Amino acid sequence: MKILITGGAGYIGSTIGSALEDRGHETVVLDSLVVGHRALARNRPFYEGDIADGQLLARIFGEHPDIECAVHCAALISVPESVEHPYDYYVNNVGKTLELFRNLDDLGCRKLVFSSSASVYGEAPGFLVDESAALAPESPYARTKMIVEMLMEDMCKTGDVRGISLRYFNPVGADPELRSGPHGKATGQVLGMLVDVAMGRRPVFNITGTDWPTRDGTGVRDYIHVWDLAQAHVKAIEGFDRVFELAGDRSQGHVVINLGTGLGVTVKELVDAFEKAIGHEIAKADAPPRPGDTAGAYVSGDLAERLLGWRATLSVQQAIVDALRWSKVREEILGD
Ligand SMILES: NC(=O)c1ccc[n+]([C@@H]2O[C@H](COP(=O)([O-])OP(=O)(O)OC[C@H]3O[C@@H](n4cnc5c(N)ncnc54)[C@H](O)[C@@H]3O)[C@@H](O)[C@H]2O)c1
């Protein structure tokens, strides 16, 4: 199958590209490089431009009329930045997505997989959330994700389009074959920051938020290996029709699925696991939460297993090892 990946020069989109290619699929990348890195798209057909550029999309589909499905990863993703620049986030993540979806519909691409986020959830008892948990996004970034899900829900009800929104928990690690990994540009990714401190590229790791009502006061997260996450997309795309058969009529063309491991790990526990992996302590300091931060959550339930036939298999320790391996080749691959 041929699949369009928006944001395919980013951390997650590029890893999804490799996972799909390993299964014999072809991918086409659309990315403005506002954040992503050209090298991460490797030798895939690459279109540099904006998701809202209708002419560019028409060209892409003119040159690849056999694209059957779009994975929409392109977005601005920094929570603190979204608090500072909400307008930019709404324009980029919501306004431009509206344009993208309208153009995809016009071009006959009616299978959508959307990169959503667990940040759409509010505080949950015991930090466990399933797909029916209340939504109460805390930041403009998280609200853009919720709004796009709502948009998909409404569009899909018309019956023209079908969509799967995958709510990622906390992606970490790198492609085990080191074809992609964190590019380190303003993502604020926790494991990336730990690696940077260990490599001397950052002086200290700030544990942002030490007073949350968790077992050690630091935020609780569900760290999912990015390669597991990518495999879930492969399942969603290959089993697209089956997902809707299994979900039944109530889905009305739009299905939401959490992607996590089901294991809650606090930031302090992650730091401990990281220090164990590298064999020494790193410089770290307690700091206040960043704007838009939450105590966090982890996955409860098994909808992903039921609908996608997918379950996370890689441990957080493996993610740490792969992130460290990636950090040694990153400069060479990305050239910066
Ligand atoms: N990384 C995480 O922790 C995380 C967690 C939950 C959800 N997500 C979602 O997963 C998706 C991918 O995240 P990522 O970590 O790979 O981020 P990333 O920043 O590495 O990748 C996003 C890509 O989108 C591109 N992009 C942004 N706006 C664009 C536009 N208007 N037109 C074309 N390209 C554009 C960027 O250049 C970048 O390459 C995002 O939608 C994000 O919200 C990420």
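Not measured: the values here are computed from a predicted model.

1. Brief notes about the site of the ligand
By nearness alone, 29 residues border the ligand, and Ile-12, Asp-31, Cys-73, Tyr-141 and His-183 come closest of all. Measuring from an oxygen atom of the ligand, one finds a backbone N or O atom of Gly-10 at 3.3 Å. Ser-32 places a polar main-chain atom, nitrogen or oxygen, 3.1 Å from a nitrogen atom of the ligand. Computed on the free molecule, the ligand has an accessible area of 820 Å², of which 95% lies beneath the protein chains in the complex. It is strand β5 (residues 111-117) that contributes the most residues to the shell around the ligand, three residues altogether. Class assignment for the residues of the shell around the ligand results in 15 nonpolar, ten polar and four charged.

2. Quick word on the pairing of β5
Most of β5 is tucked away: seven of the seven residues are buried. Residues of β5 alternate between two faces, with Lys-111, Val-113, Ser-115 and Ser-117 on one and Leu-112, Phe-114 and Ser-116 on the opposite face, all of them buried. The sheet contact formed by strand β4 (residues 67-72) and β5 spans three bridges and is parallel. In the sheet register, Ala-70 faces β5, and the bridge partner there is Leu-112.

3. Topic: the domain arrangement of the protein
According to the domain assignment, the protein contains domain 1 (2-173 + 223-259) and domain 2 (190-220 + 262-301 + 312-334). Buried area between domain 1 and domain 2, summed over both chains or domains, comes out near 2,200 Å², and the portion from carbon and sulfur atoms is 70%. Its largest share of buried area at the contact with domain 2, domain 1 owes to Phe-127, Tyr-223 and His-225, together 33% of the area lost on that side. Our enumeration of links across domain 1 and domain 2 arrives at zero salt bridges. At the junction of domain 1 and domain 2, the tally comes to seven residue pairs in polar contact (both at pLDDT 80 or more). If you list the elements that add at least two residues to the side of domain 1 that touches domain 2, you get α3 (79-84), β6 (128-129), β11 (223-225), α7 (226-238) and β12 (254-259). At three residues, α3 tops the list of elements feeding residues into the side of domain 1 that touches domain 2. Tallied by class, residues from the side of domain 1 that touches domain 2 come to 13 nonpolar, six polar and four charged.

4. Here's the deal with the pattern of salt bridges
Scanning all chains against the criterion turns up 23 salt bridges. Salt-bridge contacts for Lys-284 lead to Glu-275; the nearest nitrogen and oxygen are separated by 2.8 Å. A relative accessible area of 33% places Lys-284 in the partly exposed class. A salt bridge links Arg-325 to Asp-322, with the shortest nitrogen-to-oxygen separation between them at 2.7 Å. Of this pair, Arg-325 and Asp-322 both sit in helix α11 (residues 316-334), three residues apart, which is roughly one turn of the helix. On the accessibility criterion, Arg-325 (35% relative accessible area) is partly exposed. For Asp-322, a relative accessible area of 1% puts it in the buried group.

5. Examining the environment of Thr-294
If you trace the backbone, Thr-294 turns up in the loop between β14 (284-287) and β15 (298-299). In this structure Thr-294 comes out as partly exposed when scored by relative accessible area, which is 27%. When the C-alpha positions of Thr-294 and Gly-122 are compared, they lie 8.5 Å apart, and in sequence the two are 172 residues distant.

6. Things to note about helix α6 (residues 190-198)
Along α6, eight of the nine residues are buried, which leaves the element largely enclosed by surrounding structure. Listing the buried residues of α6 in full gives Val-190, Leu-191, Gly-192, Met-193, Leu-194, Val-195, Asp-196 and Val-197. Against the buried residues of α6 lie β8 (170-172), β9 (205-208), β11, α9 (267-278) and α11. Just downstream of α6, Gly-200 is the residue with a positive phi angle, here 80°.

7. Concerning the nonpolar core
Grouped together as the largest cluster of nonpolar side chains are 34 residues, with contacts concentrated most on Ile-16, Ile-164, Leu-166, Tyr-168, Ile-257, Leu-259 and Leu-308. Put simply, the parts of the chain that give this core at least two residues each are β1 (2-6), α1 (11-22), β4, β7 (162-168), α7, α8 (240-247), β12 and α10 (303-308). Element by element, the count of residues in this core is highest for α7, at eight residues. In this structure Leu-259 touches Leu-166, Arg-167, Tyr-168, Phe-169, Ile-224, Leu-229, Ala-232, His-233, Val-299, Ala-304, Leu-308 and Trp-310, once residues within four positions along its chain are discounted. Core analysis: the next-biggest nonpolar cluster, separate from the first, contains 24 residues, Ile-60, Ile-67, Val-94 and Phe-101 among them.

8. Digging into the packing of aromatic side chains
When we look at a pair of aromatic rings, we describe it by the centre distance and by the angle of the planes. If you walk through the whole model with that rule in mind, you get two aromatic pairs. Between Phe-240 and Phe-244, the ring centres sit 5.2 Å apart and the planes meet at 45°, which makes this aromatic pair tilted. With Phe-240 and Phe-244 both in helix α8 and four residues apart, the pair spans about one turn of that helix. The positively charged end of Arg-162 is found above the aromatic ring belonging to Phe-244, 5.1 Å away from the centroid.

Rules used throughout
The written sequence of each chain sets the order in which its residues are numbered from 1. Selection of residues for local features in this predicted model requires a pLDDT of at least 70, selection of side-chain atom pairs for listing and counting requires 80 or more, and totals for whole chains, interfaces and linings are taken over all residues. Here the side-chain values reflect all heavy atoms present in the structure, with hydrogen atoms and water set aside. Throughout, near means a residue has at least one heavy atom within 4 Å of the molecule or strand. As used in this structure description, the phrase polar contact means that two N or O atoms lie within 3.5 Å; if the pair is within protein, one of them must be able to donate a hydrogen and the other to accept it, and residues adjacent in sequence are counted only when both atoms belong to side chains. Only the protein chains shown count as cover for residues, and the accessible areas themselves come from Shrake-Rupley with a 1.4 Å probe. Numbering of helices and strands starts at the N terminus; helices are DSSP runs of H or I of at least 4 residues and strands are runs of E of at least 2. Nonpolar residues are Ala, Val, Leu, Ile, Met, Phe, Trp, Tyr, Cys and Pro. Charged residues are Asp, Glu, Lys and Arg, and all others, Gly as well, are polar. Working definition: with a 1.4 Å probe on protein chains only, accessible area under 20% of the residue-type maximum means buried, over 50% means exposed, and in between means partly exposed. A pair of strands is considered paired only if DSSP assigns at least 2 bridges between the two. Start and end points for every domain follow an automatic or database-based domain assignment. Accessible surface is computed with a 1.4 Å probe, and the buried area is the amount of it that two parts give up when combined, taken over both parts together. The term salt bridge refers to a pairing of a side-chain nitrogen on Lys or Arg with a carboxyl oxygen on Asp or Glu at a separation within 4 Å. In what follows, residue pairs with any heavy atoms lying within 4.5 Å of each other are defined as contacts. Within this scheme, the nonpolar core is defined by two criteria: the residues are buried Ala, Val, Leu, Ile, Met, Phe, Trp, Tyr or Cys, and they are joined through side-chain atoms within 4.5 Å. The pairing test for Phe, Tyr and Trp rings, Trp by its six-membered ring, is centres within 6.5 Å, and the orientation test on the planes gives stacked under 30 degrees, edge-to-face over 60, and tilted for anything in between. Lysine and arginine charges are scored as sitting over a ring when NZ or CZ, respectively, is within 6 Å of the ring centre and within 35 degrees of the ring normal.

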